[in-house]
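For reference, the chains in residue letters:
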Amino acid sequence: MTRILHLSDLHFGFHRAALVGPLLERVNAARVDLVVVTGDLTHRGRPEQFEAAAKFLSRITAPLMAVPGNHDVPLYNIPVRFLWPYAEYDRQISPDRAPAKVACRARVFGVNSVDPLAWQRGVVHGEDVDRITASIAVPEVNIVALHHPLQQLPQVDKELARDAPDALARFEAAGVRVALSGHLHRWAAEELLDLGHRHLLQVQAGTALCARETDLQNEFAVLDFDGDDLRIERHIAPMGQAGFGEPEVSELSYGENGWRKA
Ligand SMILES: [Fe+2]
Ligand SMILES: [Fe+2]
């Protein structure tokens, strides 16, 4: 079995400070093979926010990988955003913004989907898709991890990242079975399969720590891969509640027609 924990949208600098301890406790208690952080580690990409995020990550005991989110490059400091957008990310998190890791029978390929020129929207570069699809190894579970979603439910009012539909189709055809994403601060997983790409399950995480009231809750997910089966635990901390409740569990399995509810 391969156990992966998916954290997204920590937003240090605008985070629920009282939830940091309970979150760390849950993350370390889960004893996972890999923690994947899909961007927005900070709220405004400021040095002290990266310092807080790096301190948090250093207290996670499991192996870890991260990719940047749009909030990890400065929004208002235009010269820095255009000239050195990743200076603080590189210095305090990692100079590798698209890491790849092996965790038991899973391979996780990070993608940097941030576009400093289109701050909110993002982009999935064709060269990144080329690089990853050339490295796919079946029967391992191949997973991509990026901040911006590859697809989204029709009610989402944000614009999809540039070239995301093309990347989704190419990843799916090449054998990527799961995409981990964030950005929307709203959970979605199984219902995305109904959009037509049944061979690639996108796990669209909510925000693990952002304090924005309209996000309603903070959460993270634990994914257990066992052969063709996948068990997903969602650990949820509603706003106004001190910590995380009992996890909600859903089970899926992968077959020749793609993913379906077990
Ligand atoms: Fe975010
Ligand atoms: Fe974002």
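Just above, that's the structure.
All figures in this text were calculated on a predicted structure; none of them were measured in a lab. (Residues numbered from 1 in each chain as written. Chains lettered and ligands numbered in written order. Predicted model: local features only at pLDDT ≥ 70, side-chain atom pairs only at ≥ 80, totals over all residues. Heavy atoms only, no water.)

Participant: I'd like a rundown of the pairing of strand S5 (residues 106-111), residues and numbers included.
Facilitator: With five of its six residues buried, S5 lies for the most part within the structure. Of the pairings in the sheet, the one linking strand S4 (residues 100-103) to S5 comprises four bridges and is antiparallel in character. Each bridged residue has a counterpart across the sheet, and for Lys101 the counterpart in S5 is Val108. Between the antiparallel neighbours S4 and S5 lie two residues, among them Cys104 with a positive phi of about 50 degrees. Following the chain from S5 across helix H5 (residues 126-133) to the adjacent parallel strand S6 (residues 141-146), one finds a crossover that is right-handed. (Buried < 20%, exposed > 50% of the residue type's maximum accessible area, 1.4 Å probe, protein only. Helix = DSSP H or I, 4+ residues; strand = E, 2+ residues; numbered from the N terminus. Pairing = 2+ DSSP bridges. Right-handed = clockwise from strand over helix to strand, strands pointing away.)

Participant: Report on the pairing of strand S12 (residues 258-261), specifying residues and quantitative values.
Facilitator: Across four bridges, the pairing between strand S11 (residues 248-255) and S12 is antiparallel. Each bridged residue has a counterpart across the sheet, and for Leu252 the counterpart in S12 is Lys261.

Participant: Could you give an account of the sheet that holds strand S7 (residues 178-181), naming the residues involved and the relevant values?
Facilitator: In spatial order, the strands read S4-S5-S6-S7-S8; together these five strands make up an open sheet with mixed pairing. If you trace the sheet from one side to the other, it starts and ends with S4 and strand S8 (201-204), each paired once. Shown here is a sheet whose adjacent strand axes are inclined to one another by a mean of 20 degrees, direction ignored. Those strands touched by H5 are S5 and S6, and its axis lies near 165 degrees from that of S5. (Axes fitted to C-alpha atoms, helices over the stretch in contact; angles between N-to-C directions. Contact = heavy atoms within 4.5 Å.)

Participant: I'd like to hear about the environment of Ser181, residue by residue, with values.
Facilitator: Within the secondary structure layout, Ser181 lies in strand S7. Accessibility expressed as a relative area gives 0% for Ser181, which makes it buried. Taking the C-alpha atoms as reference points, Ser181 and Leu146, 35 residues apart in sequence, are found 5.2 Å from one another. Looking at Ser181, its side chain comes within polar contact range of the side chain of Gln202, at 3.2 Å. A distance of 2.9 Å separates the side chain of Ser181 from the side chain of Gln204, its partner in a polar contact. (Polar contact = N/O pair within 3.5 Å; in protein donor to acceptor, adjacent residues only side chain to side chain.)

Participant: Give me the lowdown on the coordination of the iron ion (ligand 1), citing residues and values where you can.
Facilitator: Taken together, the protein ligands of the iron ion (ligand 1) are Asp9 (OD), His11 (NE2), Asp40 (OD) and His185 (NE2), with distances of 2.0 to 2.2 Å. If you look at the iron ion (ligand 1), its four donor atoms make angles of 88 to 177 degrees with each other, and the shape they trace is irregular. (Donors = N, O, S within 2.8 Å, 3.2 Å for Na, K, Ca; no water. Tetrahedral: all angles 85-135°; square planar, octahedral: opposite > 155°, others 65-115°.)

Participant: An account of the sheet that holds S12 is requested, with residue identities and associated values reported.
Facilitator: Spatially, seven strands are ordered S3-S2-S1-S9-S10-S11-S12 in an open sheet, and the strand pairing comes out mixed. In this open sheet, the two strands that pair with only one neighbour each are strand S3 (64-67) and S12. With strand direction ignored, the average angle separating the axes of adjacent strands in the sheet is 25 degrees. With ten bridges connecting them, strand S9 (residues 217-226) and strand S10 (residues 229-238) associate as antiparallel partners. Within the sheet, the bridge partner assigned to Phe225 lies in S10 and is Leu230. Helix H1 (residues 20-29) rests against strand S1 (2-7), strand S2 (34-38), S9 and S10 of the sheet, and its axis sits at about 165 degrees to S1.

Participant: So, the packing of H5 against helix H6 (residues 164-174): which residues are in play, and what are the values?
Facilitator: In contact at an axis separation of 10 Å, H5 and H6 are set at 5 degrees when each is read in the N-to-C sense. With respect to each other, H5 and H6 are oriented roughly parallel. Packed against H5, whose contacting residues are Gly126, Val129, Asp130, Ile132 and Thr133, the element H6 presents Ala167, Arg170, Phe171 and Ala174 at the interface. Tallied by class, the residues present in the contact of H5 with H6 amount to five nonpolar, two polar and two charged. (Parallel < 35°, antiparallel > 145°, perpendicular 65-115°, else oblique. Nonpolar A, V, L, I, M, F, W, Y, C, P; charged D, E, K, R; others polar.)

Participant: Which residues make up the nonpolar core, and what values go with them?
Facilitator: Counting 28 residues, the largest nonpolar core has Leu5, Leu7, Leu10, Leu23, Val35, Phe56 and Ile60 as the members making the most contacts within it. Among the elements of the structure, S1, H1, S2, helix H2 (47-58) and S9 are those that each provide at least two residues to this core. The residues touching Val35, leaving out its near neighbours within four places in the chain, are Leu5, Leu7, Val27, Ile60, Ala62, Pro63, Leu64 and Met65. In this structure, Ala103, Leu223, Leu252 and Tyr254 belong to the second largest nonpolar core, which totals 25 residues. (Core = buried A, V, L, I, M, F, W, Y, C linked by side-chain atoms within 4.5 Å.)

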